[in-house]
Amino acid sequence: MLIIASSNGAIGIEAAMRALLKGGSALDAVEIGIRLVEANPDEHSVGYNGYPNIVGELELDASIMDGRSLNSGAVALMRGFPYAISVARQVMERELPHVLLAGQGAERFAREIGAEQREETLTEEIRAVWRKRLASTKESGDIPDLTDETPLLDLVKLTTDPERVLGTVNFIAIDSVGDIASGVSTSGWAWKYPGRIGDSPIIGAGNFADNRYGACACTGMGEMAIRAGTARSLVLYLKMGLSLQEAARRAMEDLRDLAGDYIGGMNLIALNKDGQRIGLSSRAGGSYIYQTGDMDSYQECEREVVTIPMRWGGEARE
Ligand code: ASP
């Protein structure tokens, strides 16, 4: 059964399904779908034209996983190469004994393999939003001076903005031979501390696929998925014999055990090896999309809700 499930991938899912229908692999479908989101200038949390970190630099994270072999590739903190998912796939496929390349090493690798470069990854439009946000941290409305020595801790706290975190893209696909692949790409949390890496490029946290059981991918506050190993947990619960719904609920409920501050919540999508699908969110009103081989277009589905109490600055938040 051909099926693709996605978070925030409406612009890419039909092209991804066409690739599967032509006999393409699940990995191809995931890469094709995510690239279209990365290229979309209206999508501000993924690839080109994403929101930057607190000092105005766009740092991209992405990962891809092959459920046949559990092979994976990932990049983090990569600047200047908008198609992070393709670079992540090359990390997996080139003769290189690594899974995750970050920062300058990821950029060097991307250059070496001839990945598409786009130096002006921060457009004027996004620069303006960032400057406004930065100005709002000062009573005077001035933009704080930013040098390598500028203390950023207070700025990052003040500018953590849950509205700016939505948009990371997830794709999970099952192809005609039953292989499963999953991919995630993001510019991460807007206004993040430079060097912050989220769950998206961390295999087991924001992304996990295993042909024998299924796959899971996350969006939301990556720090939570990293601490709880969310994507891997869901697949492990499938391995332990839980149904897809039970496994997904358990993976979300595990997040309730984390002590500390959370905002932004958590969302996941998953497919099991039989092509059943699910989407969960810690907040009401969320949706995800899916398309099977016999559908002309994708369908949007509500996510089931598993609440996770939010706290920030020691206080409960909605
Ligand atoms: N999970 C992503 C991260 O923490 C953000 C998001 O999903 O919006 O980087």
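Residues numbered from 1 in each chain as written. Predicted model: local features only at pLDDT ≥ 70, side-chain atom pairs only at ≥ 80, totals over all residues. Heavy atoms only, no water.

## What to know about the sheet that holds strand β11 (residues 287-292)
Within a sheet, adjacent strands bond to each other through the backbone by hydrogen bonds, running parallel or antiparallel.
Phase 1: Spatial ordering of the open sheet is given by β4-β3-β2-β6-β5-β1-β11-β12, a layout of eight strands whose pairing is mixed. In this open sheet, the two strands that pair with only one neighbour each are β4 (100-102) and β12 (299-302). Looking at each pair of strands side by side, their axes are set apart by 15° on average, direction ignored.
Phase 2: Bridge count for strand β5 (residues 169-174) against strand β6 (residues 180-186) is six bridges, and the pairing is antiparallel. Of the residues in β6, the one forming a bridge with I172 is S182.
Phase 3: Where helix α3 (residues 84-93) meets the sheet, its contacts fall on β2 (60-66), β3 (71-78), β4 and β6, and the angle it forms with β3 comes to roughly 135°. (Pairing = 2+ DSSP bridges. Helix = DSSP H or I, 4+ residues; strand = E, 2+ residues; numbered from the N terminus. Axes fitted to C-alpha atoms, helices over the stretch in contact; angles between N-to-C directions. Contact = heavy atoms within 4.5 Å.)

## Some details on empty space enclosed by the protein
Phase 1: Under the counting rule described, the total for this entry stands at two cavities of 30 Å³ or more.
Phase 2: For the lining of the largest cavity, the residue count by class is two nonpolar, seven polar and two charged.
Phase 3: Considered as a void within the structure, the second largest cavity measures approximately 40 Å³ in volume.
Phase 4: Along the walls of the second largest cavity sit S25, A26, L27, D66, R68, D175, D179, I180 and A181, which together make up its complete lining.
Phase 5: For the lining of the second largest cavity, the secondary structure elements donating two or more residues are α2 (26-39) and β6.
Phase 6: For the lining of the second largest cavity, the per-class residue count stands at four nonpolar, one polar and four charged. (1 Å grid on protein atoms, 1.4 Å probe; cavity = no way out; pocket = protein on both sides within 12 Å on 5 of 7 lines; lining within 4 Å. Points joined across faces, edges and corners; volume = space filled by probe spheres on them. Nonpolar A, V, L, I, M, F, W, Y, C, P; charged D, E, K, R; others polar.)

## Looking at unusual backbone geometry
Phase 1: Phi angles above zero are rare outside glycine, and L70 is one such case at about 65°.
Phase 2: Assignment of secondary structure puts L70 in the loop between β2 and β3.
Phase 3: According to the relative accessible area criterion, L70 is partly exposed, its value standing at 34%. (Buried < 20%, exposed > 50% of the residue type's maximum accessible area, 1.4 Å probe, protein only.)

## A few points about the packing of aromatic side chains
Phase 1: For the structure shown, the criterion picks out one aromatic pair.
Phase 2: Arranged with centres 5.3 Å apart and planes meeting at 50°, the rings of Y51 and W191 form a pair that is tilted. Residue Y51 is found in the loop between α2 and β2, and its partner W191 is found in the loop between β6 and β7 (207-210); the two are separated by 140 residues along the sequence. Accessibility classification places Y51 together with W191 in one group, the buried group. (Phe/Tyr/Trp six-rings, centres within 6.5 Å; stacked < 30°, edge-to-face > 60°.)

## Considering the environment of L100
Phase 1: With respect to the helices and strands, L100 occurs in strand β4.
Phase 2: According to the relative accessible area criterion, L100 is partly exposed, its value standing at 37%.
Phase 3: In sequence terms L100 and G73 are 27 residues apart; their C-alpha atoms lie 6.0 Å from each other.
Phase 4: Ignoring anything within four residues of it in the chain, the contact list for L100 reads A74, V75, A76, V91, P201 and I202.

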